[in-house]
Each structure stands twice: as C-alpha cells, then as structure tokens.
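# Secondary and tertiary structure notes
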Amino acid sequence: MTSAAGHGDEDPQDYPFVGATALEPPAQWAGLHEKCPVTWVRTPGGEETALLTRYEDVRKLFADRRFRRNLAAEDTARLGDSEDGALFHQRDPDEEGISETDFDRADHTRWRSVLTRALTGRRLDELRPRIAAKADELIDAMTARPGPADLVGALARPLPLWVICEALAIPPQDQDQILRWSTVLLSLTRHTQSEMDQAGGDFYEYMIAHIESMRATPGDDVISELTAIVDADDGRFNEPELASAGIGLLVAGHETTSQMIGKMTAMLLADRDRWRELLADPGLVPTAVEEALRYDANHGFALPRYLSADMEFGGTTLTRGCTVMAEIAAANRDGTVFPHPDRMDLRRAPNPHLTFGYGPQICVGREFARNELRTVLSTLLRRLPTLELAVPAQQLKRRSGILVGGLEELPVRW
C-alpha cells in the first residue's frame, strides 16, 4: 500500500488532459481505470493533486462527507495559475458574514432542499413553453442571415443565460455583464488575480443590491422567494449565503448548459447516422440527451475536493489535507458500468452517468439543464433537419484556459 506522501517516484502528469480533438477523450484515460485508481497530476498552479477516474471512486467522492468543498484551507493545492490558485474565485471564509462552516457546506442539506424546490416544480413548468419560444426566436434570428453561422454564439450561449436570468429576475440589460463576470470567475489561465478579485467583488456587490431590490419589490422569482426565507430568520439561509448562492446559480446555471448545447450538437452532427436516427425517431431525444451528457469527453477541469481524513482507494491511502480531483468524464467511460463505453448509444438505458453529481451533492439545477437540452435538440430537429457541421469535426476549436470545457464556436449550415 502506498500513501499520498509516498508518490515521489511517480512523475506527475500535467493537468488538465486534452484529447487530440475537441470531441475526443484524452489519450491518458486509456488504462487508468484498471491500472491506476489514483494518478498524480500537476495543476496549472504548479502543485500536485490526486486524480480519481474510476466510476465507483468518483461516486464515493460525491457521497462521502469527508471530501469537503472548502478549498480555502491553507494546505489546499493551487489549482489555477492566479496568485491564490483558486477556482471560481470564491469569497474567503474569513470575510465578514461567512463562517468556514458555512463556506464548507455551501450545498448542505440545510438549504440545498430549498434551492432544489425553488428551481423545479411550478417554476420550471411555467418556464418550459417560454424556453421553447425563446429557442425558436434565436433560431429565427440565426437563419434570417445566410449561413454558415456559429451555433454557440447564436443559440447555445444566449439561451441558458436568458433562462437563468429569467428565473432570478435579472434585468435583460444586465445579462451581458453577468456573462463577463462569469467568464472571469471561471478562469484557469485566462485572467489575472486582480481581474478575478475585481470580478468577484463586483459580482457580490451586484447580488447584494439585487437582493435588496427584490426585497423592496418582490416578484415570482427565485431571489424573491429565497429573500423571504432569509428575512424569516429561521436559520435556513443568511444574506451572504444567498448572495453567494445567487452567483453560483447564475454562473453554473448558464455556463455548463451553454457549453453542453454546443458539444451535444457537435457530437450528433459529427456522425450523420446519429442525427438521422433522431430524425427518424424524435422520441429518442430524452435518452440522447442523457447519452450526450455521459459521452462528453470535454468537461474541462475535474471536480476538486479537500480531504478531511485519511481514505484508501485501490491500495493507495490519501492523507488528510490532500486535494483530490474527480474526473467525471473519465468515470462516465468506465466499462465496468457502461457497456461499450466509447460508443455513443442514443438508446442507452439505464444511464447512471455522474455528470450532475450523485447523492447529497447532485446538481440542484439538473432539471433546468435537462429541460433546456431537450428543448434545444427537439427544436433543432424540427426546425433544421438538414443541419450539418460547416467544418470537419476534427477542426472544431476547444475552449482553453477556463474551468468549463466546451467549444470556442460551432460553425453550422442548413
């Protein structure tokens, strides 16, 4: 058995791994599931961390509370290349109003269930027809001009941003600023520390002001609903937590879905048989969306966690204070769970992928994301059955230097 402190003979590989093309898995994944349950990698911040790639290990990270979300501990590895090495540039737990306990349990069941209820049920039901109408509107604008067009800029980016801003009552004139702040906060290597500090501070101040605005004139939106819970002072939420949650919802609520729309469409168009299969049977859209979520090899940066106690994985003991990263996309290709994992099967069922997390750490906005992905795919099949890539799939440009993996653009014609 080896320990986290005993990996000196192993030369860490530079991380993140990248595939030969924007849609292909990294070559490093080959054999990791069987040969190396824990592999050591060097982050853009220059420090070594443990990387998990097997399905059961990644699921364990989600389910075991010894893996903490608190990445502000002094011994946490520097992940990005900014001065503090943080990802998503979270506020320091020592700042007024946020305790380390609150910071560490940012998705704790104490209020996770409140967020989940706020983002599903009646609110999602009411938004569904408006999401479909917005998708049609964006496609109308795209097709009003001669092709080819960039599907990312025309549809994949603006639709999820509009959806989450509608849910949180963000005024339309502020949405471009939300997009700019989000891009900076998700930087791995694209932005300086001062730019990240500025964006983080400005975004937080904006959310505090938005909460006050909703408190003065409440509406039927998520922020108004959660502000009422804060004001009830029953211990479920406080205002700094609400502001941080609002930022998290705005960033994650559009960025991951936006990138997934582009990647899903590219995957389906890269092999024309997949697109034809959906055209012949649009009822496959729900399972096709789940398979795209599983098959996606370009998630971006792995999910980092701080280990609060010693744990063993496949004969390797990781010691307390270790920063551990879960490569969800690799886990979704684990052949012990998914038959023929490197084949995109639009009829795959069951499909227990980990893209939205697992157990107590499952994504609170997963139904919003699923609905948007299904709506976009159904609308594209209905409106643009002749849609095709305008460049070979091998020439698609991967997004780099940012936490969420995706495509810089998706040139298409119809």
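Below, the structure is looked at part by part.

Parameters and conventions
Residues numbered from 1 in each chain as written. Predicted model: local features only at pLDDT ≥ 70, side-chain atom pairs only at ≥ 80, totals over all residues. Heavy atoms only, no water. Helix = DSSP H or I, 4+ residues; strand = E, 2+ residues; numbered from the N terminus. Buried < 20%, exposed > 50% of the residue type's maximum accessible area, 1.4 Å probe, protein only. Contact = heavy atoms within 4.5 Å. Areas by Shrake-Rupley, 256 points an atom, 1.4 Å probe, with all protein chains shown as cover. Phe/Tyr/Trp six-rings, centres within 6.5 Å; stacked < 30°, edge-to-face > 60°. Axes fitted to C-alpha atoms, helices over the stretch in contact; angles between N-to-C directions. Parallel < 35°, antiparallel > 145°, perpendicular 65-115°, else oblique. Nonpolar A, V, L, I, M, F, W, Y, C, P; charged D, E, K, R; others polar.

## Topic: the overall build of the protein chain
When its secondary structure is counted, the protein chain shows 15 helices and twelve strands. In the protein chain, buried positions account for 54% of the 414 residues. Excluding contacts between residues fewer than 6 apart, the proportion of contacts in the protein chain whose partners are at least 24 apart in sequence is 74%. When the accessible area of the protein chain is evaluated, it comes to approximately 17300 Å², of which 49% is carbon and sulfur surface.

## A short note on the environment of A266
Within the element layout of this structure, A266 appears in helix α11 (residues 239-270). On the basis of relative accessible area, A266 is assigned to the buried category, the value being 0%. In sequence terms A266 and V412 are 146 residues apart; their C-alpha atoms lie 9.2 Å from each other. Setting aside anything within four residues of it in sequence, one finds A266 in contact with L23, L389, L396, L407 and L410.

## Considering the packing of aromatic side chains
Evaluated as defined, the whole model comprises six aromatic pairs. Ring centres of Y15 and F301 lie 5.2 Å apart, and the angle between their planes is 80°; this geometry places the pair in the edge-to-face category. Of this pair, Y15 sits in the loop between β2 (13-14) and α1 (32-35) while F301 sits in the loop between α13 (285-295) and β7 (303-307), and the two are 286 residues apart along the sequence. Across the pair, F301 and Y15 agree in class, each one buried. Considering the side-chain rings of F67 and F313, the 6.1 Å spacing of their centres and the 45° angle between planes classify their relative orientation as tilted. Of this pair, F67 sits in strand β5 (residues 67-68) while F313 sits in strand β8 (residues 311-313), placing them 246 residues apart in sequence. Neither F67 nor F313 differs from the other in exposure class; each is buried. Aromatic rings pair up to connect Y15, F17 and F301 into one cluster.

## Some remarks on the packing of helix α9 (residues 193-216) against α11
For the pair α9 and α11, the least separation of the axes is 9 Å and the interaxial angle reads 110°. The angle between α9 and α11 falls in the class roughly perpendicular. Residues F203, Y204, M207, I208, I211, E212 and R215 of α9 pack against E239, P240, L242, A243, S244, G246, I247, L250 and V251 of α11. Taken together, the residues of the contact of α9 with α11 break down into eleven nonpolar, two polar and three charged.

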